[in-house]
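Now for the letters of each chain:
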Amino acid sequence: MEDKLTKEEVLHVAQLARINIDEDELETYQIELKKLLNEVEKISAVKGYDDEKLIASWDRKTELREDIAGEMLDPKEVINNAPRHSGNYIEVPVVIGDES
Amino acid sequence: MNKYIPTIGIEVHVELKTATKIFSNSINGYGQMANSLTNVVDLGYPGTLPTLNKEVINLAIKAATVLNCKIRKEMHFDRKNYFYPDIPKNYQITQNETPIGYDGYVEITINGEKKKIEIEEMHIEEDTCKSTHRSSKTLLDFNRAGVPLIEIVTKPCISSGEEAKLYLEKLRELLYYCDISDCKIEEGSMRADANVSIRKNEQDPLGTKCEIKNIGSISNVAISIDKEIKNQIELIENNKQIKQQTKRYDDKLGKNILMRTKETGNDYRYFPEPDIPYVILTEDMIASVVKTIPMLPDERRKVYQAKGVSELNANKLVQNRSLSDYFNKLLDTNINFKIASNILLGDIQAYLNKNEKQISDTTLTVTRFEELVKNVEDKTLTSKNLKDILVTVLEEESSISTIIKKSGIENIQDDQALRTIINSIISSNQETVNDYKNGHDRAIKFFMGQIMKETKGSANPKLAMDILLEELKK
């Protein structure tokens, strides 16, 4: 078993998490992240874990909610709680290239 | 072009017509002030928990049923993880592993042949907030966040833009008739993405696919797919490689434009949503939803045509759900359905369109409409008479016979009275009588015109014609 992740793996995870990592930090993350993964992998050693997927910590089924409207937030409260706003919209740094 | 086989798969997102959102009780609405339909769950505040809306499950069962899908009775939700401002909790709750519906189909008719468009799966998920991009900033409106969606995914079994268009039209019609969604593409309540690839032989593996996202209208789906097929053929013919890309169709430029994308596949790191335990559907639950499914569009077309309505009129009726629902109420009566459909789709629809009304906004009860159709059938009312009294018929409540009497346009049904008028016209137009006897058919037109003029349009045309021919023979 390798004792560290590759640089590419670390950079890929950093990209998914939208964080920048400096070149001199890479080595630390290669080792630290691998240690975490090794810890998590111990779970697969537990017998019977794969038999059934654990969805919730109890076996009751989901209670469905009736389709009746409740109280909503005042739009002023909503935008004031955001770092920036423009009119009634919450403003974030420009996201290029996707229009969904 | 024929050397290549295009393979297309379509993914459609449809917003469900519920009162509230999928995981919170804030209102599911469109066109309201930005960020006015939200609560802490929709905004992804820490510590909030989702509560699943019963109506979402009901509508999804309904959709799965009309799309001929098998329904999964035990299912869960999954988290699709990604960092993007449209979803502040950094995951979308969806169904990755246990979609509610699977293995279904929608039947289309292409070039006179029936084809089943196979549905791989249909799952439930939450919509994200709406982002609007400006040059220096992105604006977010969370009114759309948490609106319930179903995503319907076909197998790669569609072979042309035209087939894709027919499939989407059929899908929209089914979902709209069942009150599952408004299916307004222009308002985003139905959104289609297409995966397009080409290959040379059926036996070859599927070619590299290109995804065209968020196409704004059904006709543009056909156009953008056909353009992408053409583009891929050109690349291959010029020995260039097709790259796996995501594009969007630009209506103004009339072409597909390359987009940058979020993560794909494994990068989403799906795992079961721990905040929502298993959802279990019982047979009773499913049966009670299935009971609410109305007569579907294809069946309506069949029933109407069996009652004597033309194919054209049957299609026109189905295109207008409120008229079709109204027509269905007449199905147990013994009126002339051909005449009934002509009246509904002719003068009545023109009135409704002009006044921006639905048939239910008028005073035309089914009983009064039956009476109206009978009066047209037995020629008491000519088409001109019908036009004259139509507004009264649609806006007042008195019986049709009363309206006919009051308006003074009661047709002359009295054989003797009409015969006297006709004889007087014949005797003062001897020259035309000779024309008729010499085989000039237009003489009849002249006489009918004179009869209608003399009776101010109130002669029963069939009766008048019969008497006229009889008298001319004498």
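Conventions used here
- Residues numbered from 1 in each chain as written.
- Chains lettered and ligands numbered in written order.
- Predicted model: local features only at pLDDT ≥ 70, side-chain atom pairs only at ≥ 80, totals over all residues.
- Helix = DSSP H or I, 4+ residues; strand = E, 2+ residues; numbered from the N terminus.
- Contact = placed C-beta atoms within 7 Å.
- Pairing = 2+ DSSP bridges.
- Domains from an automatic or database assignment.
- Core = buried A, V, L, I, M, F, W, Y, C linked by C-beta atoms within 7 Å.
- Buried ≥ 20, exposed ≤ 12 C-beta atoms within 10 Å, placed from the backbone.

What about the overall build of chain B?
- A count of helical and extended segments in chain B gives 15 helices and 16 strands.
- Along the first, second and third principal axes, the C-alpha set of chain B runs to 95 × 55 × 50 Å.
- Put simply, of all contacts in chain B between residues at least 6 apart along the chain, 70% involve residues at least 24 apart.

Looking at the sheet that holds strand β5 (residues 91-94) of chain B
Residues and elements named next belong to chain B.
- The strand order across the open sheet formed by 3 strands is β5-β4-β15, and the pairing between neighbours is antiparallel. Either end of the sheet is taken by a strand with one partner, and the two such strands are β5 and β15 (271-272).
- As paired strands, strand β4 (residues 78-81) and β15 are joined by 2 bridges and run antiparallel to one another. Within β15, the position partnered with Asp-78 by the bridge is Pro-272.

Considerations on the domain arrangement of chain B
- Domains assigned within chain B are domain 1 (5-285), domain 2 (297-407) and domain 3 (415-473).
- For domain 2 of chain B versus domain 3 of chain B, the separation of C-alpha centres amounts to 32 Å.

Overview of the nonpolar core
Residues and elements named next belong to chain B.
- Residues Ala-60, Ala-63, Ala-164, Tyr-167 and Ala-194 are the most contacted members of the largest nonpolar core, which totals 58 residues.
- Residues in contact with Ala-63, not counting those within four places in the same chain, are Met-122, Ile-150, Leu-175 and Ile-180.
- By size, the runner-up hydrophobic cluster in this structure holds 23 residues, among which are Leu-323, Phe-337, Ile-348 and Val-373.

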